[in-house]
Amino acid sequence: MRLRHIPGAEEQIAESPFVIQAPWANRGHWAEVFGNTNPIEIEVGMGKGKFIMELAQSHPQVNYVGIEVYSTVLLKAIQKRKDMELPNLRFLRVDARALAEIFGPEEVEKIYLNFSDPWPKDRHAKRRLTSPGFMAVYDKILKPAGAVEFKTDNRDLFDYSLEAIPSAGWTVDLQTFDLHNSPFVEGNVMTEYETKFLAEGKPICKLRARRKRG
């Protein structure tokens, strides 16, 4: 993905009160960051933040952390966030591979993966956010009953995920190849990409994964 760099983006991110600048220092102590013991849910690759901001507005009893590695994209989310009162939302600029260094064991209730980069070449499979390597990272920070929810318009990536996730020791307990024509659409919050793809008539795939029990 080629992004136009915004001059001064890194400086603005470093000065933003909405971005946690040294997240590693909060490992195991995120309740102190938010000032409460409410559940924590994170979105990996939040883009411009539409999805997680809407969740934070609708569920003030839940704490949310939006993660975005691209500074130019994160800056747009910060600019949008400035006009909203969302004390239960924070942002991080980190790579998802570092999540277990940022959150402690069982510190996260749910992880959202929305329209992640498909990394279509086989040699890049390990970079897919639903690959066994990443699922192992999520396993380290989720509560025992925690879940990973994944949405995509990319059928190849979805088919890969339906194989890769169970092979990593998880159970897919919800799946659909056409979210918006399924019962699972109730309560669905759309991302920027989802709105665009839906308008183009593309079906949206969704799954939910939990650890295997017993």
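Residues numbered from 1 in each chain as written. Predicted model: local features only at pLDDT ≥ 70, side-chain atom pairs only at ≥ 80, totals over all residues. Heavy atoms only, no water.

**Re unusual backbone geometry**
- Its identity is not glycine, yet Glu-106 carries a phi of approximately 60 degrees, on the positive side.
- As for its position among the elements, Glu-106 is in the loop between α5 (99-102) and β4 (108-114).
- Positive phi, close to 55 degrees, is recorded for Phe-115, a residue that is not glycine.
- Note on placement: Phe-115 falls in the loop between β4 and α6 (132-141). (Helix = DSSP H or I, 4+ residues; strand = E, 2+ residues; numbered from the N terminus.)

**A closer look at the layout of surface pockets**
- Size it by volume and the second largest pocket reaches roughly 330 Å³.
- Together, 20 residues line the second largest pocket, and Lys-110, Tyr-112, Glu-149, Gly-187 and Lys-206 are the ones closest to its centre.
- Elements represented by at least two residues in the lining of the second largest pocket include exactly α3 (50-58), β4, β5 (142-152) and β7 (205-211).
- Partitioned by chemical class, the residues of the lining of the second largest pocket number nine nonpolar, four polar and seven charged. (1 Å grid on protein atoms, 1.4 Å probe; cavity = no way out; pocket = protein on both sides within 12 Å on 5 of 7 lines; lining within 4 Å. Points joined across faces, edges and corners; volume = space filled by probe spheres on them. Nonpolar A, V, L, I, M, F, W, Y, C, P; charged D, E, K, R; others polar.)

**A short note on the sheet that holds β5**
- Across the sheet, seven strands lie side by side as β3-β2-β1-β4-β5-β7-β6; this open sheet has mixed pairing. The sheet is open, and its two borders are formed by β3 (89-92) and β6 (170-176), each paired with just one other strand. On average, each strand axis in the sheet is tilted by 20 degrees relative to the strand beside it, whichever way the strands run.
- Pairing of β6 with β7, which is carried by six bridges, proceeds in the antiparallel orientation. (Pairing = 2+ DSSP bridges. Axes fitted to C-alpha atoms, helices over the stretch in contact; angles between N-to-C directions.)

**Some thoughts on the environment of Thr-72**
- Structurally, Thr-72 can be placed in helix α4 (residues 71-81).
- According to the relative accessible area criterion, Thr-72 is buried, its value standing at 8%.
- C-alpha of Thr-72 to C-alpha of Arg-155: the two residues are 83 residues apart in sequence and 28 Å apart in space. (Buried < 20%, exposed > 50% of the residue type's maximum accessible area, 1.4 Å probe, protein only.)

**Examining helix α8 (residues 192-199)**
- With a side-chain oxygen positioned 3.3 Å from the backbone nitrogen of Tyr-193, the residue opening α8 is Thr-191.
- Positive backbone phi, at 85 degrees, marks Gly-201, one or two positions downstream of α8. (Polar contact = N/O pair within 3.5 Å; in protein donor to acceptor, adjacent residues only side chain to side chain.)

Everything listed is a geometric property; what it means functionally is a separate question.
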